[in-house]
Amino acid sequence: MSNRSGNTTAVPEAKSAMDRFKFEVASELGVPLSDGYNGNLTSKQNGSVGGYMVKKMIESQERQMSGTTGAGTGTGSANSTMM
């Protein structure tokens, strides 16, 4: 079993890209994420950002595996994940 924490980036070089992605998703969802302390945000707000990040990464991987390169092919609104 690995001693690696679940809260670390598997590829350290990808940390800045993941941070940019996190802020992009937060902006799309209307979550006022700031650089630094975000203790004023609710668990629901933080969870919606993480959940939507995973959703977008899965969609991207599925498109890549199927050979489709189109962006924005998802259905529904981004705010539907905050319910």
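None of the values given here were measured: they were computed from a predicted structure. (Residues numbered from 1 in each chain as written. Predicted model: local features only at pLDDT ≥ 70, side-chain atom pairs only at ≥ 80, totals over all residues. Heavy atoms only, no water.)

Draft legend 1. Summary view of the overall build of the protein chain. Helix and strand content of the protein chain: two helices and zero strands. Considering only contacts within the protein chain whose residues lie at least 6 apart along the sequence, 56% involve residues at least 24 apart. Per element, the accessible surface of the protein chain, about 6300 Å² overall, is 54% carbon and sulfur. (Helix = DSSP H or I, 4+ residues; strand = E, 2+ residues; numbered from the N terminus. Contact = heavy atoms within 4.5 Å. Areas by Shrake-Rupley, 256 points an atom, 1.4 Å probe, with all protein chains shown as cover.)

Draft legend 2. Quick peek at the confidence of the model for the protein chain. Scored by pLDDT, the protein chain comes out at a mean of 83, with 75% of its residues at no less than 70. Low pLDDT, under 50, characterises residues 75-83; the predicted model gives this stretch 14 contacts beyond four residues in sequence or across chains. (pLDDT = per-residue confidence, 0-100.)

Draft legend 3. Looking closely at the side chain of N38. Position of N38 relative to the elements: it lies in the loop between α1 (15-29) and α2 (43-66). N38 gets classed as buried once you look at its relative accessible area, which sits at 18%. Here N38 is in contact with P32, L33 and N46, once residues within four sequence places are set aside. (Buried < 20%, exposed > 50% of the residue type's maximum accessible area, 1.4 Å probe, protein only.)

Draft legend 4. Quick peek at the pattern of salt bridges. Scanning the entire structure with this criterion turns up four salt bridges. In this structure, K22 engages D19 in a salt bridge whose closest nitrogen and oxygen atoms are separated by 3.8 Å. Of this pair, K22 and D19 are both found in helix α1, three residues apart, which corresponds to roughly one turn of the helix. Between K56 and E24 there is a salt bridge whose closest N-O contact spans 3.6 Å. Of this pair, K56 sits in helix α2 while E24 is found in helix α1, placing the two residues 32 residues apart along the sequence. What emerges from the salt-bridge pattern is a single network uniting K15, D19 and K22. (Salt bridge = Lys/Arg side-chain N within 4 Å of Asp/Glu carboxyl O.)

Draft legend 5. Representation of the environment of K56 within the structure. Each C-alpha atom, one on K56 and one on V25, is 9.1 Å from the other, the two residues being 31 residues apart in sequence. Aside from chain neighbours lying at most four places away, what touches K56 is F21, E24, V25 and E28.

Draft legend 6. Quick peek at α2. Its 24 residues give α2 an end-to-end C-alpha distance of 34 Å, which sits within 8% of 34 Å, the value for a rise of 1.5 Å per residue. When we look at burial in α2, the residues that qualify are Q45, S48, V49, Y52, M53 and R63. The inward-facing, buried residues of α2 contact α1. After α2 finishes, the residue G67 shows a positive phi value of roughly 85°. (Expected span 1.5 Å × (residues − 1).)

Draft legend 7. Representation of the nonpolar core within the structure. F21, V25, A26, L29, V31, L33, L41, V49, Y52 and M53 together form the largest nonpolar core, which totals ten residues. Elements with a minimum of two residues in this core: α1 and α2. Among the elements that make up this core, the one with the highest residue count is α1 (four residues). For F21, the residues in contact, after removing those within four places along its chain, are M53, K56 and M57. (Core = buried A, V, L, I, M, F, W, Y, C linked by side-chain atoms within 4.5 Å.)

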